[in-house]
There are 2 protein chains.
Amino acid sequence: MTDDRVLATYLIESPHALEHAAEVIAGEQSSGTFVSVPGETQELKERFGARIESLEPLGTSDRPALPGSKGPKAHEGAPVYRRGRVAISFPLHNFGPSLPELMSTVAGNLYEIQELSGVRLVDLELPQAFADRYPGPGFGIDGTRRLAGVTGRPIVGTIIKPSIGLAIDALRPLVRDLATAGLDFIKDDELNADPPYAPLAERVPAVMAEIERVADATGRKAMYAFNITGDIDHMLRAHDMVRDAGGTCVMVNVNCVGLAAVAHLRRHCELPIHGHRAYFGAMARDPMLGIGFTAFQKMYRLAGVDHLHVGGFDSKFWETNDEVAQSIRDCLTPMFGDYRVMPAISSAQWAGSAVDIWGTTRTHDVIHLAGGGIIAHPGGTAAGVLSMRQGWEAAIAGVPLAEYARTRPELEAAIAKFGKRAG
Amino acid sequence: MTDDRVLATYLIESPHALEHAAEVIAGEQSSGTFVSVPGETQELKERFGARIESLEPLGTSDRPALPGSKGPKAHEGAPVYRRGRVAISFPLHNFGPSLPELMSTVAGNLYEIQELSGVRLVDLELPQAFADRYPGPGFGIDGTRRLAGVTGRPIVGTIIKPSIGLAIDALRPLVRDLATAGLDFIKDDELNADPPYAPLAERVPAVMAEIERVADATGRKAMYAFNITGDIDHMLRAHDMVRDAGGTCVMVNVNCVGLAAVAHLRRHCELPIHGHRAYFGAMARDPMLGIGFTAFQKMYRLAGVDHLHVGGFDSKFWETNDEVAQSIRDCLTPMFGDYRVMPAISSAQWAGSAVDIWGTTRTHDVIHLAGGGIIAHPGGTAAGVLSMRQGWEAAIAGVPLAEYARTRPELEAAIAKFGKRAG
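Residues numbered from 1 in each chain as written. Chains lettered and ligands numbered in written order. Predicted model: local features only at pLDDT ≥ 70, side-chain atom pairs only at ≥ 80, totals over all residues. Heavy atoms only, no water.

Quick word on the overall build of chain A
Filter applied, for reference: Helix and strand assignments come from DSSP, with helices taken as H or I runs of at least 4 residues and strands as E runs of at least 2, each series counted from the N terminus. Radius of gyration here is computed from C-alpha atoms only, and the compact-globule reference equals 2.2 Å multiplied by the residue count raised to the power 0.38. Only protein chains enter the accessibility calculation, which uses a 1.4 Å probe; a residue whose area is less than 20% of its type maximum is buried, one above 50% is exposed, and one in between is partly exposed.
Per the secondary structure count, chain A includes 18 helices and 13 strands. Taken over the C-alpha trace, chain A has a radius of gyration of 24 Å; the compact-globule value for 423 residues is 22 Å, and the two agree within 12%. Along the first, second and third principal axes, the C-alpha atoms of chain A reach 75 × 45 × 40 Å. Per-residue burial for chain A yields a buried fraction of 64% across its 423 residues.

Rendered as structure tokens:
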């Protein structure tokens, strides 16, 4: 891609010819109204117009993916909905290197268009000017590993459960136990940010006291991701509070605060930002609407998250394992040098999940989160943590899980309790 | 609704019994992991659990609205997908009156759930605590009318076109002409915020000089909505720039900056916020996914917009006229006293659109935006503006458009040029 255009790739569906549908997107998102207006010269269109760079037909459907489309007027017989993959480039000087204005252009009013019965932003290529404006991940993979003290294997983590309702005096011993059990990473639930029953201002010192106490005893300081999701002033204050208490990570539900808020936090932030993607299903679950993960993660990597949730293999959520594997690869694909982020894998994870993750992605640069899969382990939390590491050792060594478990009772017990889920 | 619970209403679809599907949402969004964990006591569930308040079946479908669902294991024969409307209440003390945390709870991970083949947030009822935290619209309908100097009829507006590429020296005479022609309201396009070819820092003084010059001559000062969409610091600086130049409105693409950014701007803002909803189609066009307008607008009214785009009757966009009418009513429905906002109606509008708007909503508390419908009027822009007012006069008086046009050449010319669109 050139340095002066943004390339956006879409899956589209239309009752019109695909070329026409693509032209409508290009026109709507660069200039045009329902009748030609004075000033809309040919020269202006050439200098500021979006351009169709490629168009690949992908077959047809006899029913529209989305309601509200209208076919050509001269149409006779049953309508046919044509699908395709179209790449459209937009001149950068139409909006400049601004994330909110990028989104307005590549993911704005085009979802409204009647000529389309399906439209999904699936990829983005951005010119260097965006990297000059946005510093991207402040810590990324290396910085996170350094702060967590973990090399050569995944960061093994868990989520504080119950997600809601845990008072501070119940949280303290739980954090102590989790840190003592050897967890590298502990995080608040996405639902638990600053609730009245356990305000963040009380949670931060209580949690950090436990983390530091265990660190003094063991020499290993767990990374705790405090959920600072909230209004802008709250996030900045909460970040400072976590930093001042010796914390090493803050967590944000990125879609719930929005793109500008994440970019703003990043400029202020001195800790890794753990990006939870709650609401992502609303953006992506209809395969012919919204924003796919590949495009989504590029925007939030640029905004400055260091970790990003990607779902999990054999999870309780809707995505296929192939989609999860692709999301992991996406986070680790270079962009602007090292704007890579650590994928956070979660939901119904246990020791055996490592086999599929490693088998499909060949990476251990992940945060592997297990809830019940660790703390509901029959041997207790420490055994749960060990079983996770053993699962990864087996996967990376290419040894079948059951075989590796023969001399490792923690893995064996994990297989016995959670193994049916792997089937 | 009580003062200590949030009520969220969903359309859902599931291959399971509707009760079960609703329970999964309630559990996922208040507590729970894939196996029971220590500490998840019955008392905790009662105090912090979400509660199903009502459940109305809405028929079945033989195919899933969304991919990724899984039916009950014991299932035999072809699956049936049950649809329903379910109201679930969440204890406010689970998260407190925070908009980003509200969204995490009522519109977060639930879109991922396998037990659902469709899930859409359609309405919200919020306790008073949210109004205590968020001041809502700073100007609303009355404040906007006061600043625009318009009473007893809609605010008639237009959008600067071409939306992209207009240099400052071409913009100046255009703004002058529009203001002279009697427009109450002029706005930047959602694609035009702070582009390198016409930076906001140059656009604001140039535009305001023209607006003030016309105001000096005519006694009427048009409201100009400057698009300040961008990063947080940019928005705050841009707002100050507009205010200091005597401007009376700022515009933001609310979904492209996000909920926290809008709420933050509102706390700083001394001008009405014109909320553009670019990207809304991605949130709402699949009827069984995302967030419907009724719920959407409540969140952004609370965040503090004063105007909100609602699409338009017979527009070039996907929504039906019934949906647009409902969106207009939504914006004008009281919430926390007077947290009402002015709906901005746009896309393919002209004088005759007034008949349907008034006929279905019986309100003129709207910003009625026409682009080509005003500036491409055969008699010129001033005649275009007049025709819009005449269309509204006819609608409110209940006089057929053609009859009213007999003595009003501007309306007559509008019907001749744009009237076929009304059919």
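A look at the domain arrangement of chain A
All names here are of chain A. Threshold: Each domain's extent was defined by an automatic or database domain assignment. Note: buried area is the sum, over both parts, of the accessible area (probe 1.4 Å) each one loses when the two are combined.
With domains assigned, chain A is organised as domain 1 (5-133) and domain 2 (140-422). Using C-alpha coordinates to define each centre, domain 1 is positioned 36 Å away from domain 2. Carbon and sulfur atoms supply 68% of the area that domain 1 and domain 2 bury against each other, a total of about 1,900 Å² over both sides. Taken as a group, Leu-99, Arg-120 and Leu-124 account for 32% of the area that domain 1 buries against domain 2, more than any other trio of residues on that side.

Structural notes on unusual backbone geometry
Note that the residue after Lys-161 of chain A, namely Pro-162 of chain A, is joined by a cis bond; omega there is -5°. Along the chain, Pro-162 of chain A turns up in the loop between strand 5 (155-159) and helix 6 (168-180). If you check the backbone angles, Arg-362 of chain B has positive phi at about 55° while not being a glycine. For Arg-362 of chain B, the position within the fold is in the loop between helix 14 (353-361) and strand 13 (367-369).

Thoughts on the interface of chain B and chain A
For the record, the criterion: Should any heavy atoms of two residues lie within 4.5 Å, those residues are considered in contact. Between N or O atoms, a polar contact is any pair within 3.5 Å; within protein, one atom must be a potential hydrogen donor and the other a potential acceptor, and residues adjacent in sequence are included only when both atoms are from side chains. In this classification, the charged set is Asp, Glu, Lys and Arg, the nonpolar set is Ala, Val, Leu, Ile, Met, Phe, Trp, Tyr, Cys and Pro, and all remaining amino acids, among them Gly, are polar.
Contact residues are listed per partner, giving 98 residues for chain B and 98 residues for chain A. Buried surface at the junction of chain B and chain A, both sides included, amounts to about 7,800 Å², of which 58% is carbon and sulfur. Counting across the chain B and chain A interface gives 34 residue pairs in polar contact (both at pLDDT 80 or more). Only helix 2 (42-48), helix 3 (99-106), helix 8 (232-244), helix 9 (254-257), helix 10 (259-268), helix 11 (280-284), strand 10 (289-291) and helix 15 (372-375) of chain B provide two or more residues apiece to the side of chain B that touches chain A. Ranked by residues supplied to the side of chain B that touches chain A, first place goes to helix 10 of chain B with six residues. A class-by-class count of the residues in the side of chain B that touches chain A yields 44 nonpolar, 36 polar and 18 charged.

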